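Chains, contacts and geometry: an overview
The primary structure of each chain is shown beneath.
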Amino acid sequence: MNFLDNPVLAKALPDAILETLQMVGISGFFTVLVGLPLGVFLHVAAPGGLRPMPAAYRILSDIVVNITRSIPFAILMVSLIPLARFLVGTSLGPVAASVSLSVGTIPFFARLVETALRDVQHGKIDAALVMGSTTMQVVRKVLLPESFPALVAATTTTVVTLVGYSAMAGLVGGGGLGKLAYNYGFQRFDTTVMLVVLVIIVVLVQAIQLVGDWFGRRVDHR
């Protein structure tokens with residue numbers, strides 16, 4: 001069977017793929033941009049960290065990160081529609097959906113970053129401190145380089161998670177493959193559309209994972 005004989009797939013599938021890639025790209029960029037420094041701060045400010053800040057750590061870790069991560073993404077996505085409308089001028093489309101995708105995954109990625117930094121050997125950190133390195137120098141020259149393979153793995157996991165979240169975003173006007181699967185595959189009982197969308201999502205996830213694993217091996221010099 002030629003899937004392109006299906007008019008829905010022939011006309012709507014290319015745009016749906018591009019919208020999904022757009023959502024994942026935009027939200028992935030802002031997730032790393034905000035989540036990386038947030039994760040570094042959580043590690044540095046934690047009890048026993050390079051510069052403990054108990055009050056700030058508790059506020060960010062227990063209130064901001066943990067509470068945001070505990071909210072189901074579907075509920076978070078709907079509740080952030082007014083914020084998306086305020087920031088981008090609309091609540092529909094992949095750009096608007098990227099707002100809720102970013103907010104939902106930044107705490108998740110920040111926690112992965114904190115965990116990756118925590119696994120750096122303390123002996124290397126102590127050696128840098130003994131040589132007179134400042135906190136920022138330890139972060140830039142020891143923590144980040146030593147945890148880089150783990151950070152690549154964390155980024156890969158986050159991007160894969162974003163692909164799944166982007167499918168849910170399609171149910172509330174975000175567009176992409178999720179919208180295509182719901183509007184035509186589910187509501188119109190078109191199993192061909194549903195099957196093709198599922199295969200594309202699986203292929204996309206596998207491709208991201210393979211690239212992430214390959215790059216992680218390239219940068220791991222341990």
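Above: the structure in question.
Below is a summary of the structure that appears in this document. As the structure is a prediction and not an experimental result, all values here were calculated from the model.

What counts and how
- Residues numbered from 1 in each chain as written.
- Predicted model: local features only at pLDDT ≥ 70, side-chain atom pairs only at ≥ 80, totals over all residues.
- Heavy atoms only, no water.
- Core = buried A, V, L, I, M, F, W, Y, C linked by side-chain atoms within 4.5 Å.
- Buried < 20%, exposed > 50% of the residue type's maximum accessible area, 1.4 Å probe, protein only.
- Contact = heavy atoms within 4.5 Å.
- 1 Å grid on protein atoms, 1.4 Å probe; cavity = no way out; pocket = protein on both sides within 12 Å on 5 of 7 lines; lining within 4 Å.
- Points joined across faces, edges and corners; volume = space filled by probe spheres on them.
- Helix = DSSP H or I, 4+ residues; strand = E, 2+ residues; numbered from the N terminus.
- Nonpolar A, V, L, I, M, F, W, Y, C, P; charged D, E, K, R; others polar.
- Phe/Tyr/Trp six-rings, centres within 6.5 Å; stacked < 30°, edge-to-face > 60°.

Details of the nonpolar core
Generally speaking, soluble globular proteins have nonpolar side chains that are buried together. Formed by 23 residues in total, the largest nonpolar core has its most connected members in Leu13, Val163, Leu177, Leu180, Val193 and Val197. Apart from the residues lying within four places of it in its own chain, the contact partners of leucine 180 are Val8, Ala12, Leu13, Ala16, Gly185, Val193 and Val197. By size, the runner-up hydrophobic cluster in this structure holds 15 residues, among which are Val40, Val44, Val113 and Val138.

Comments concerning the layout of surface pockets
A water-sized probe rolled over the atoms picks out the places where empty space is left. The space that makes up the largest pocket amounts to roughly 360 Å³. Contributing to the lining of the largest pocket are 17 residues, with Val32, Val152, Thr155, Thr156 and Val159 lying nearest its centre. If you list the elements that add at least two residues to the lining of the largest pocket, you get α1 (7–45), α5 (94–118), α8 (148–169) and α10 (191–219). Examining the composition of the lining of the largest pocket, we find that 6 residues originate from one element, α8, more than from any other. When grouped by side-chain class, the residues that make up the lining of the largest pocket number 13 nonpolar, 4 polar and no charged. The space that makes up the second largest pocket amounts to roughly 230 Å³. Together, 14 residues line the second largest pocket, and His43, Gly48, Gly49, Leu50 and His122 are the ones closest to its centre. Where the lining of the second largest pocket is concerned, the elements lending two or more residues are α5 and α6 (122–130). Classifying every residue of the lining of the second largest pocket gives 7 nonpolar, 4 polar and 3 charged.

Description of the environment of alanine 45
Tracing the backbone through its elements, the reader meets alanine 45 in helix α1. The class of alanine 45 is buried, set by a relative accessible area of 1%. In this structure, the C-alpha to C-alpha distance between alanine 45 and glutamine 206, residues 161 residues apart in sequence, is 36 Å. Apart from residues lying up to four places away in sequence, alanine 45 is in contact with Arg51, Pro52, Met53, Pro54 and Tyr57.

Some thoughts on empty space enclosed by the protein
Evaluated as defined, the whole model comprises 1 cavity of 30 Å³ or more. Its boundaries defined by the atoms lining it, the largest cavity holds a volume of some 100 Å³. Lining the largest cavity are 14 residues, with Ile81, Ser91, Ala96, Ala97 and Ser100 positioned closest to its centre. Every element with two or more residues in the lining of the largest cavity is listed here: α4 (81–88) and α5. The element contributing the most residues to the lining of the largest cavity is α5, with 3 residues. When grouped by side-chain class, the residues that make up the lining of the largest cavity number 9 nonpolar, 5 polar and no charged.

Regarding the packing of aromatic side chains
If you walk through the whole model with that rule in mind, you get 3 aromatic pairs. Ring geometry for phenylalanine 29 versus phenylalanine 30: centroids 5.2 Å apart, planes at 80°, classification edge-to-face. A residue is classified by how much of its surface remains accessible, and phenylalanine 30, at 39% relative accessible area, is partly exposed. With 4.2 Å between their ring centres and 5° between their planes, phenylalanine 73 and tyrosine 165 make a pair best called stacked. With phenylalanine 73 in helix α3 (residues 73–79) and tyrosine 165 in helix α8, this pair connects stretches of sequence that are 92 residues apart. For phenylalanine 73, a relative accessible area of 7% puts it in the buried group.

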